[in-house]
Amino acid sequence: MTEAASTTQSKAAKQTKINGNEKDKPQRIISDPKDVAQLVMMRIDHVNTKKDELTIAVKGLADTAKQLVSTYAKQQAQIAILVKRVEELEKSVGK
């Protein structure tokens, strides 16, 4: 085995350990540039898919946060109105 092939195989082994799929993915050496390009494009597509899923999730969280803030503001306004009414009632009872 050449030094470059050994390095490629070593890097692939480290990557599968990082991903937690050490037993799932067999080691292979890619030497054809077309195969390398295809693998890179597959990885890019995978990352873009995950990015799209995260974008959708973040937008959902933002929408939920907006609804919570709006509801909280309405409740605070209602509490302020009730505080004024209680103060007016206490003044009228105290007279």
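These remarks concern the structure in this document.

**With respect to the overall build of the chain**
Item 1. If you tally the helices and strands in the chain, you get two helices and zero strands.
Item 2. Scored against the burial criterion, the 95 residues of the chain give a buried share of 2%.
Item 3. Total accessible area on the chain is roughly 8,700 Å²; 60% of this is exposed by carbon and sulfur atoms.

**Structural notes on a nonpolar patch on the surface**
Item 1. Taken together, Val36, Val40, Met41 and Ile44 make up a surface patch of nonpolar side chains, about 320 Å² in accessible area.
Item 2. Take Met41: it is sitting in helix α2 (residues 33–94).

**Details of the pattern of salt bridges**
Item 1. On inspection of all chains with the given rule, the structure shows one salt bridge.
Item 2. The salt bridge involving Lys50 is made with Glu53; its shortest N-O contact spans 3.8 Å. Of the two residues, Lys50 and Glu53 are both situated in helix α2; the distance of three residues between them amounts to about one turn of the helix.
Item 3. Under the relative-accessibility criterion, Lys50 is labelled partly exposed at 42%.

Cut-off values and rules
- Residues numbered from 1 in each chain as written.
- Predicted model: local features only at pLDDT ≥ 70, side-chain atom pairs only at ≥ 80, totals over all residues.
- Heavy atoms only, no water.
- Helix = DSSP H or I, 4+ residues; strand = E, 2+ residues; numbered from the N terminus.
- Buried < 20%, exposed > 50% of the residue type's maximum accessible area, 1.4 Å probe, protein only.
- Areas by Shrake-Rupley, 256 points an atom, 1.4 Å probe, with all protein chains shown as cover.
- Patch = residues over 30% accessible without salt bridge, like charges linked within 9 Å, V, L, I, M, F, W, Y side chains within 5 Å.
- Salt bridge = Lys/Arg side-chain N within 4 Å of Asp/Glu carboxyl O.

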